[in-house]
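Observations on chain architecture
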Amino acid sequence: MRKGGRRNDWKVADERYLIENAGRIPRREICQHLRRSSESVKQKAKALRMQGIPVSLRHYRPKLEPCPSCGCLSGHLGRDGICEPCRRREQLANIHAGIAELLPRLPLDERDTYEKTEAETESRRDPMPKAPNTEGLSYYERAKADEAYALACEECLAGNLRREIKAAQKRKERISKKVNQ
């Protein structure tokens, strides 16, 4: 302590605030709320860790943003402002609308064949990734693992939708060939 400075002991409420919010909010905000220096907060966190209380000041800033269309957290919003799975669903809906327009123009026997065979075919779907076990992880590590899981789920869903789109495009091509014959 510097000469002439007054001592500012830690209150129980301040310690509790530090324990509850360490890692959840940035250290700068903790320091502002407690009206303490960064060094003081670091030293208190170190003292709490030595007492066996798991306190980490590392804060993880997630890079995910909510998609305005579906509300899911996404790491890759496109130029149109929506996530890739939403774009793919929209694309798939447009292809199905095109197929619906072509079907009435098909001969009746061809339409029956289509409804019995092709309409029931489905693309192979990749299984969704398993959620990580976050038990025993610090808030920082848990947030990082949850974000990686959300990105993996988004990519898996987008891959499944890409596969469905390819299959639907092929169906549309086959139907349009039969209509044009």
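Refer to the preceding data block for the structure.
Owing to the predicted nature of the structure, the values given are computational and were not obtained by experimental measurement.

Further remarks concern the overall build of the chain. Within the chain, the regular secondary structure consists of 6 helices and 2 strands. Ordering the α and β elements of the chain from the N terminus gives α-α-α-β-β-α-α-α. In terms of overall size, the chain is more extended than a compact globule, its C-alpha atoms giving a radius of gyration of 28 Å where 181 residues would be expected to give roughly 16 Å. C-alpha atoms of the chain, sized along the principal axes, occupy 95 × 30 × 20 Å. By residue count, 29% of the 181 residues in the chain fall in the buried class. A sequence separation of at least 24 residues applies to 62% of the contacts in the chain between residues at least 6 apart. By element, 49% of the accessible surface of the chain is carried by carbon and sulfur atoms, the whole surface being about 12800 Å². Of the side-chain charges in the chain, 39 are positive and 27 negative, and the distance between the mean point of each set is 10 Å.

Here the focus is the environment of Pro-129. By secondary structure assignment, the location of Pro-129 is in the loop between helix 5 (108–116) and helix 6 (139–180). Once you skip the residues sitting within four places of it in the chain, Pro-129 turns out to touch Tyr-149, Ala-152, Cys-153 and Cys-156.

A complete count under the given rule lists 1 aromatic pair for this structure. Geometrically, the ring pair formed by Tyr-60 and Tyr-140 is edge-to-face, given 5.6 Å between the ring centres and 85 degrees between the ring planes. Here Tyr-60 is found in the loop between helix 3 (38–50) and strand 1 (65–66), whereas its partner Tyr-140 is found in helix 6, with 80 residues between them in sequence. The exposure class assigned to Tyr-60 is buried, which follows from its relative accessible area of 12%. One cation-aromatic arrangement involves Arg-36 over Trp-10; the distance from NZ or CZ to the ring centre is 4.1 Å. Directly above the ring of Tyr-140 sits Arg-58, whose terminal nitrogen or CZ lies 3.8 Å from the centroid.

Here we take up unusual backbone geometry. A positive phi angle, near 55 degrees, is found at Arg-35, a position not held by glycine. Within the fold, Arg-35 resides in the loop between helix 2 (27–34) and helix 3. The exposed category is assigned to Arg-35, whose relative accessible area is 75%.

With respect to the secondary-structure elements, Ser-74 resides in strand 2 (residues 73–74). Its relative accessible area of 2% is what places Ser-74 among the buried residues. If we ignore the near neighbours within four places in the chain, the residues touching Ser-74 are Lys-63, Leu-64, Glu-65, Cys-83 and Glu-154.

Before going further, it helps to spend a moment on the side chain of Glu-154. For Glu-154, the position within the fold is in helix 6. Arg-87 provides the closest opposite charge to the buried, unpaired Glu-154, separated from it by 7.0 Å. Looking at Glu-154, its side chain comes within polar contact range of the main-chain nitrogen of Gly-75, at 3.3 Å. Setting aside residues up to four positions removed in sequence, Glu-154 forms contacts with Ser-74, Gly-75, His-76, Cys-83, Glu-84 and Pro-85.

Conventions and cut-offs
Residues numbered from 1 in each chain as written. Predicted model: local features only at pLDDT ≥ 70, side-chain atom pairs only at ≥ 80, totals over all residues. Heavy atoms only, no water. Helix = DSSP H or I, 4+ residues; strand = E, 2+ residues; numbered from the N terminus. Rg over C-alpha atoms; globule rule 2.2 N^0.38 Å. Buried < 20%, exposed > 50% of the residue type's maximum accessible area, 1.4 Å probe, protein only. Contact = heavy atoms within 4.5 Å. Areas by Shrake-Rupley, 256 points an atom, 1.4 Å probe, with all protein chains shown as cover. Lys, Arg positive; Asp, Glu negative; His and termini not counted. Charge placed at Lys NZ, Arg CZ, Asp CG, Glu CD. Phe/Tyr/Trp six-rings, centres within 6.5 Å; stacked < 30°, edge-to-face > 60°. Lys NZ or Arg CZ within 6 Å of the ring centre and 35° of its normal. Salt bridge = Lys/Arg side-chain N within 4 Å of Asp/Glu carboxyl O. Polar contact = N/O pair within 3.5 Å; in protein donor to acceptor, adjacent residues only side chain to side chain.

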